[in-house]
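# Survey of secondary and tertiary structure
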Amino acid sequence: MEEKFAPEFDDTDLRVLELLQRDAALSNQDLAAAAHISPATCLRRVRRLVEAGVIERRVAILSPERLGAGLTVLAEVTLDRQGAEHLAEFEARAVADTAVQQCYRVSPGPDFMLVMQVPDMPGYHALVQRLFTQDANVRNVKAFFSVHRGKFEPSIHLPQPRGAARSVQ
């Protein structure tokens, strides 16, 4: 399978993106040094990548268990009516809820897949009440509860820059 990547991104862009995916807290000086470019060039590159929408945002990834949000729920949601306005209405409700981390419209199968983080089963029950039960248009919810997280990696695989060995940490 051929990897596709926008041609306007060169090897330096790829190095900067790879480094930022590993640690977005790097200072511009440290990022420039690791990417083997000047700090001014690095700053221009990062700004261009942000303006192009390639870098959506920079965040810290927190430990749900250490913060008391130890129950991860993956849910398939099927609506009774699937008209565009009904899909948009449910999606708006789901993304507005702070317990919903990810929301995808999917096909075929259910209408939505949600990834949710709650403290415990009572927290999940409260989420069900406000997100699924109060909406007469939700026909079915099939919830799966994570018992073990084998991998969580929010980074995107990038093509390896030509002439540069990339280390995987």
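## Thoughts on the packing of aromatic side chains
- One pass over the full model with this rule turns up three aromatic pairs.
- Pairing Phe90 with Phe132 gives two aromatic rings, centres 6.5 Å apart and planes at 20 degrees, and the pair type is stacked. Of this pair, Phe90 sits in helix H4 (residues 84-96) while Phe132 sits in helix H5 (residues 121-133), placing them 42 residues apart in sequence.
- You can call Phe90 buried: its relative accessible area is 1%.

## Observations concerning helix H1 (residues 11-22)
- Between its terminal C-alpha atoms H1 stretches 17 Å, which fits the 16 Å expected from 12 residues at 1.5 Å a residue.
- Taken together, the buried positions of H1 are occupied by Asp11, Thr12, Asp13, Leu14, Val16, Leu17, Glu18 and Leu20.
- Of the surrounding elements, those touching the buried residues of H1 are helix H2 (28-35) and helix H3 (39-51).
- Measuring from the backbone nitrogen of Thr12 back to the side-chain oxygen at the start of H1 gives 3.1 Å, which picks out Asp10 as the cap.

## Examining the confidence of the model for the protein
- Residues at a pLDDT of 70 or more form 92% of the protein, whose mean pLDDT is 90.
- Predicted confidence in the protein is weakest over H5, with a mean pLDDT of 94, and strongest over H2, with 98.

## Let's talk about the side chain of Asn137
- Mapped onto the elements, Asn137 comes out in the loop between H5 and strand S4 (138-145).
- Side-chain polar atoms of Asn137 contact the backbone nitrogen of Arg81, separated by 2.8 Å.
- Aside from chain neighbours lying at most four places away, what touches Asn137 is Thr78, Leu79, Asp80, Arg81 and His86.

## A few points about the packing of H4 against H5
- Contact geometry of H4 with H5 gives a least axis separation of 10 Å together with a crossing angle of 155 degrees. Between H4 and H5, the angle falls in the class roughly antiparallel. Considering only the axes of H4 and H5, their crossing is right-handed. Where H4 approaches H5, its residues Phe90, Arg93 and Ala94 are matched on the opposing element by Arg130, Leu131 and Phe132.
- For the contact of H4 with H5, the class distribution of residues is four nonpolar, no polar and two charged.

## Some remarks on the environment of Glu89
- As for its position among the elements, Glu89 is in helix H4.
- Taking the C-alpha atoms as reference points, Glu89 and Cys103, separated by 14 residues in sequence, lie 13 Å from one another.

## Regarding the environment of Leu79
- In this fold, Leu79 is placed in strand S1 (residues 71-79).
- Through-space distance from the C-alpha of Leu79 to that of Phe132 is 9.8 Å; in sequence the pair is 53 residues apart.

## Observations regarding the sheet that holds S1
- Ordered in space as S2-S3-S1-S4, the four strands form an open sheet in which the pairing is antiparallel. Single-partner strands in this sheet number two, and they are strand S2 (100-105) and S4. Averaged over neighbouring strand pairs, the angle between their axes works out to 20 degrees when direction is ignored.
- Taken together, the five bridges between S2 and strand S3 (residues 112-118) define a ladder with antiparallel strand orientation. Bridged to Tyr104 within S3 is Met113.
- Contacting S1, S2, S3 and S4, H4 runs over the sheet at an angle of about 165 degrees to S2.
- Together, S1, S2, S3 and S4 form the strand contacts of H5, whose direction differs from that of S3 by roughly 140 degrees.

Reading the values: rules and limits
Each chain has its residues counted from 1, following the order in which its sequence is written. Totals for whole chains, interfaces and linings use every residue, but because this is a predicted model, local features are given only for residues with pLDDT of at least 70 and side-chain atom pairs only at 80 or more, for both listing and counting. Calculated side-chain values reflect all of the structure's heavy atoms, with hydrogen atoms and water omitted. Note on aromatic pairs: the rings of Phe, Tyr and Trp (six-membered ring only in Trp) are paired at centre separations within 6.5 Å, and the planes decide the class, stacked below 30 degrees, edge-to-face beyond 60, tilted for the rest. Helix and strand definitions here come from DSSP, where helices need a minimum of 4 consecutive H or I residues and strands a minimum of 2 consecutive E residues; each element is numbered from the N-terminal end. With a 1.4 Å probe rolled over the protein chains alone, any residue whose accessible area is under 20% of its type maximum counts as buried; one over 50% counts as exposed, and the rest are partly exposed. Take the residue count of a helix, subtract one, and multiply by 1.5 Å to get its expected span. The contact definition used throughout considers only heavy atoms, calling two residues in contact when any of these lie within 4.5 Å. What qualifies as a polar contact is a pair of N or O atoms within 3.5 Å, subject to a donor-acceptor requirement within protein and to the restriction that residues adjacent in sequence count only when both atoms come from side chains. On a range of 0 to 100, pLDDT expresses the predictor's confidence in each residue. Fitted lines through C-alpha atoms serve as axes, helices being fitted only where they are in contact, and the angles separating the N-to-C directions of these axes extend from 0 to 180 degrees. In these notes the angle categories are as follows: under 35 degrees is roughly parallel, over 145 is roughly antiparallel, 65 to 115 is roughly perpendicular, and the rest is oblique. Note: crossing handedness is left-handed where the near helix turns anticlockwise from the far helix by less than a right angle, and right-handed where it turns clockwise. Side-chain classes follow a simple rule in which Ala, Val, Leu, Ile, Met, Phe, Trp, Tyr, Cys and Pro form the nonpolar group, Asp, Glu, Lys and Arg form the charged group, and the remainder, Gly included, forms the polar group. Pairs of strands are assigned from DSSP output, requiring at least two bridges between the strands.

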